[in-house]
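Fold and geometry: a report
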Amino acid sequence: MLNKGLTKNTVNVDTAQAGKHLGKAAIAIISGIVLWQVFYTIDEGHVGIVKRFGEATTQVNPGLHTKVPFADGIEELEIRTRKNTENLKASTFEQMPVQAEVSVNWTVIRAEAFELYKGYGGLDQFENRILDPRLRSATKDALARFKAEQIIQNRGQVIQKIEETLLSAMAEFPVKLDSVQIENLILPKKYLQSIETKQTEKNLAAAEKHRLERQKLEAQREVNTAEAKRDAEKARADGSAYATEVEAKAEAEAIRVKGIAEAEAMLKKAQAIKANNTLVDYVKAQQWDGKLPTTVMGSGQDILWNMKEK
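The paragraphs below set out a description of the structure included in this document. (Residues numbered from 1 in each chain as written. Predicted model: local features only at pLDDT ≥ 70, side-chain atom pairs only at ≥ 80, totals over all residues. Heavy atoms only, no water.)

Here we come to the overall build of the chain. A tally of helices and strands in the chain yields 7 helices and 10 strands. Looking at the chain as a whole, 23% of its 310 residues qualify as buried. Sequence separation of at least 24 residues holds for 61% of the intrachain contacts in the chain that already meet a minimum separation of 6. Of the roughly 23,200 Å² of accessible surface on the chain, a fraction of 55% belongs to carbon and sulfur atoms. (Helix = DSSP H or I, 4+ residues; strand = E, 2+ residues; numbered from the N terminus. Buried < 20%, exposed > 50% of the residue type's maximum accessible area, 1.4 Å probe, protein only. Contact = heavy atoms within 4.5 Å. Areas by Shrake-Rupley, 256 points an atom, 1.4 Å probe, with all protein chains shown as cover.)

So, about the sheet that holds strand β2 (residues 46–52). Reading across from one edge, β3-β2-β5 is the order of the 3 strands in this open sheet, with antiparallel pairing throughout. Two strands lie at the open edges of the sheet, namely β3 (55–60) and β5 (72–78), each paired on one side alone. Averaged over all pairs of adjacent strands, the angle between their axes in this sheet comes to 30°, without regard to strand direction. In this structure, β2 lies alongside β3, joined through 5 bridges in antiparallel fashion. (Pairing = 2+ DSSP bridges. Axes fitted to C-alpha atoms, helices over the stretch in contact; angles between N-to-C directions.)

Another point: the sheet that holds strand β8 (residues 175–186). If you trace the 3 strands from one edge of the open sheet to the other, you get β6-β7-β8, paired in antiparallel fashion. Sheet topology places β6 (82–91) and β8 at the edges, where each strand pairs with a single neighbour. The average angle at which neighbouring strand axes cross in this sheet is 25°, direction not considered. Summarising the sheet, β6 and strand β7 (residues 97–108) pair through 10 bridges and their orientation is antiparallel. The residue of β7 that forms the bridge with L88 is A100. On top of the sheet, helix α5 (residues 155–169) reaches β7 and β8; it is set at about 140° to β8, its chief contact.

The next thing to look at is the nonpolar core. Among the nonpolar cores identified, the biggest contains 43 residues, and W106, L116, F126, V158, L166 and M170 are the most heavily contacted of them. If you list the elements that add at least two residues to this core, you get β2, β6, β7, α2 (113–120), α3 (123–143), α4 (148–153), α5 and β8. For this core, the element with the most residues is α3, which contributes 8 residues. What W106 contacts, discounting residues up to four positions off in sequence, is R80, T81, R82, N84, L123, F126, E127, L131, V175, K176, L177 and D178. (Core = buried A, V, L, I, M, F, W, Y, C linked by side-chain atoms within 4.5 Å.)

With that settled, the discussion passes to the packing of α2 against α3. Axes are the key here: two packed helices are described by the angle between their axes and the distance separating the axes. Interhelical geometry of α2 versus α3 gives an angle of 65° and a closest axis separation of 9 Å. Here α2 is positioned roughly perpendicular relative to α3, judged by the angle of their axes. Relative to α3, the crossing made by α2 is left-handed. Of the residues in α3, those touching α2 at L116, G119 and Y120 are L123, Q125, F126, R129 and I130. Classifying every residue of the contact of α2 with α3 gives 5 nonpolar, 2 polar and 1 charged. (Parallel < 35°, antiparallel > 145°, perpendicular 65-115°, else oblique. Left-handed = near helix turned anticlockwise from the far one by under 90°. Nonpolar A, V, L, I, M, F, W, Y, C, P; charged D, E, K, R; others polar.)

Given below as structure tokens:
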């Protein structure tokens, strides 16, 4: 009864037209997948290794590239500097056990990255199979050449020895080693305590030596001061003596010159008096005090006559 009130509608579907649309969609999807498979990019700091059906065939640089879809695969290989760290146990020259953490910075040579990949399959495999064992061996060999105290005080020499050994061991491989570092070095506690005690004794000895040298310097300073004072006094005394000597010589010379001059004057005066009687009288007249003599000699010069008036 209800069916009588309902109208029956029939939907007709064009199967041909639907199939055509589905075909276009499939073609578009397949084209997109093919294009996606054709183009690829390699990031900066890496190179690309092209593998055709699993076999490495060529190396490409960073940028946009094309490949054969479904046949070629791409593996990126980093060529930037990498750091590899190893923890190991070793012994010093005196067979003291040590634990060391050593690292090395290394880089794949760009032009030879393809050969490294073909030979070792990638960077991790290269580190595990080649670099790590040689780094451990070089470190153990270097530590065994030095005493523990030398390792502590001259770590740079130990690092240099590790680098020399490692460079020699890695010379045939397509990598560049940049630097080796001893990140950490653990020695027995008893040895560290003995080193600390020894260092304390050295510090005390150095302090005592410094004190003695300071006392010696102060004593020498006092000696220098006394010598300088003595030299100054001597210089002043020498200067006074020299001045007195010069003054005495000058005075003596002046007296000598004055005596010579007076002698010459007296000689000339005597010669003048001797040659001129008038001059003699003149000199007598100059020296006469205006008084007549009070006594005269007698004719026999035996009797002195008194000329005073009585």
